[in-house]
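Below, each chain spelled out in residue letters.
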Amino acid sequence: MKAKLKGAETGHSLLKRKSEALTKRFREITRRIDEAKRKMGRVMQIASLSLAEVTYAVGGNIGYQIQESAKSARFRIRAKQDNVSGVLLPAFESYLTEGNNDFAMTGLGKGGQQVQRCRETYARAVEALVELASLQTAFVILDEVIKVVNRRVNAIEHVIIPRTENTIKYINAELDELDREEFYRLKKVANKKQRDTAEQDAEIKKRREAHEASDREKQASEAQETGPADILAAEEDEDVIF
Amino acid sequence: MSSQADYKDRQFLAVIGDEDSVTGLLLAGIGHVTPPPDNQKNFLVVDSKTDNAAIEAAFERFTTERKDIGIVLINQHIADRIRYRIDTYTQAFPTVLEIPSKDHPYDPEKDSVLRRVRRLFGE
C-alpha cells in the first residue's frame, strides 16, 4: 500500500512536469500563432495587391481562365512529426512538385511578367499560411493533450492519493489499536505477575521471618541454657595453688 | 490521438473563398482536380449569390469526406457565414485556417482559434 502511494506520488510529479512542459510549449505556440496571424494579414494584403496588378495588366478577369486550367497541384504539403514530451505534433512542410505548370498559357498575351510575380507572391503567402496551419494544428492537438494530462494530474492529486492515504491511515489506526490492545494485555500480564511475585515474596518473607524468629528463639533459649561466658561472673574457679 | 496514417497522405490544400483569393491561391499552384470520373475540385468560389448550404457542403466535403486535404483555407467573411460550423469544428486534421480577403480586412477577434487563445489566457 505504501508502495502504491509512492507510485502515485511519483506518477503525479512526473505528469505534473509533463503538463508543465506542454504548457510551456503551448504558450510559445500561441504566441507564435498570434504573430503569424498578423503576418498573414500583411502578406495577404501584398498578395492581393499583386493580383490587382495582374488584373490591370491582363486587362480583364483571368479568374475563370485560371480556375478552368487548374488541374494538378504544384504546391503540396507533407506532414512531418515533432516530439514534445511524448506527444507527436505534426508539422506541415510545403514543397513544389516539379514539372507541371497549369498556367503556362496564362498571361501569354499580355501581363506575363505580372502573372509571374503574382505567382511568386502568392507562393510566399501560401508558405506563410502553411506555417500558420501547422502551428494551429499543433495548438489544437496540444490543447487536447494538455486537457487530458491535467485531468490525470488532478485525478491522481485529488482522488487516488487521498484514497490511498485514507487506506493507509485506516490500516495504521487498526494496527495501532491492535498494538495498544497487545500492550494493555502485556501490562495486565505484567501486573498479574508482579502481584504474584509480590505475594510470593511476602510469603517467603513471612516464612523467613518466621524462620528467623524461631531461630532467635532457639538461640535465646540456647543462650539461656549455656549462659554467657562471663569471666567475672565465673563460677568458682579452681583455686590456683602456687 | 490521430495516427500517423491519418495525416501522412494529406498533401493538398483546399480553398473556399471569393474569386480573387481563389484566383491568387490557384496561381500559387495549389489547385488540384482529381482525375475523372469524379472530377472533384479542391476549391470553391463563393460570391454573393452562393447560398450558405453550398458553402457548408463544400466545407463538409473538404473536412470530413476527403482524406487527402491537409489544410482548408477559408475567407474570413465566408467563415462568418457558416460560423457555427467553424466554431464546432475541433479536429486537428485537416486544419481550418481563416484568411483575410481583399475587401474584408482581417479581424483577429472573429477567428475561432484566436478566440480560443484569448479565452485560455483570459484576455
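Residues numbered from 1 in each chain as written. Chains lettered and ligands numbered in written order. Predicted model: local features only at pLDDT ≥ 70, side-chain atom pairs only at ≥ 80, totals over all residues. Heavy atoms only, no water.

**Considering the layout of surface pockets**
Approximately 240 Å³ is the volume found for the largest pocket. As for the largest pocket, its lining consists of 18 residues, of which I86, Y89, S112, V113 and R116 of chain B are closest to the centre. Going through the elements one at a time, α3 (112-226) of chain A together with α5 (83-88), β4 (95-99) and α6 (112-121) of chain B are the ones with two or more residues in the lining of the largest pocket. Per-element accounting of the lining of the largest pocket gives the leading share, 5 residues, to α6 of chain B. (1 Å grid on protein atoms, 1.4 Å probe; cavity = no way out; pocket = protein on both sides within 12 Å on 5 of 7 lines; lining within 4 Å. Points joined across faces, edges and corners; volume = space filled by probe spheres on them. Helix = DSSP H or I, 4+ residues; strand = E, 2+ residues; numbered from the N terminus.)

**Focus: the sheet that holds strand β1 (residues 12-17) of chain B**
Within a beta sheet, neighbouring strands are joined by backbone hydrogen bonds and run either parallel or antiparallel to one another. Residues and elements named next belong to chain B. Here 4 strands make up an open sheet; going across it, the order is β2-β1-β3-β4 and the pairing parallel. Two strands close off the open sheet at either side, each with one partner strand: β2 (43-45) and β4. In this sheet, adjacent strand axes meet at a mean angle of 20° when their direction is disregarded. Two elements, strand β3 (residues 69-75) and β4, share 5 bridges in a ladder whose sense is parallel. Across the sheet, V72 pairs through a bridge with V96, a residue of β4. (Pairing = 2+ DSSP bridges. Axes fitted to C-alpha atoms, helices over the stretch in contact; angles between N-to-C directions.)

**Observations regarding the side chain of T164 of chain A**
Residue and element names in this part refer to chain A. Along the chain, the position of T164 falls in helix α3. What makes T164 buried here is its relative accessible area of 4%. A distance of 2.6 Å separates a polar atom in the side chain of T164 from the backbone oxygen of I160. Ignoring sequence-local partners within four residues, the contact set of T164 consists of M1, K4 and L5. (Buried < 20%, exposed > 50% of the residue type's maximum accessible area, 1.4 Å probe, protein only. Polar contact = N/O pair within 3.5 Å; in protein donor to acceptor, adjacent residues only side chain to side chain. Contact = heavy atoms within 4.5 Å.)

**Points about the pattern of salt bridges**
Pairing between side chains of opposite charge can happen when the charged atoms of each approach one another. Enumeration according to the criterion identifies 9 salt bridges over all chains in this entry. Residue E203 of chain A pairs with R207 of chain A through a salt bridge whose shortest N-O separation is 3.3 Å. Taken together, the positions of E203 of chain A and R207 of chain A, both in helix α3 and 4 residues apart, correspond to about one turn of that helix. Since its relative accessible area comes to 47%, E203 of chain A is described here as partly exposed. Classification of R207 of chain A as exposed rests on a relative accessible area of 55%. Residues R85 of chain B and E56 of chain B are paired through a salt bridge, measuring 3.5 Å at the closest nitrogen-oxygen approach. (Salt bridge = Lys/Arg side-chain N within 4 Å of Asp/Glu carboxyl O.)

**Structural notes on the confidence of the model for chain A**
Mean pLDDT over chain A: 79, with 81% of residues reaching 70 or higher. At the low end of the mean pLDDT range in chain A sits helix α2 (residues 63-69) of chain A, at 69; at the high end sits α3 of chain A, at 85. (pLDDT = per-residue confidence, 0-100.)

**So, a nonpolar patch on the surface**
Residues and elements named next belong to chain A. Together, M1, Y170, I171, L175 and L178 make up a nonpolar patch on the protein surface, roughly 510 Å² of accessible area in all. Tracing the backbone shows L178 in helix α3. With a relative accessible area of 52%, L178 lands in the exposed category. (Patch = residues over 30% accessible without salt bridge, like charges linked within 9 Å, V, L, I, M, F, W, Y side chains within 5 Å. Areas by Shrake-Rupley, 256 points an atom, 1.4 Å probe, with all protein chains shown as cover.)

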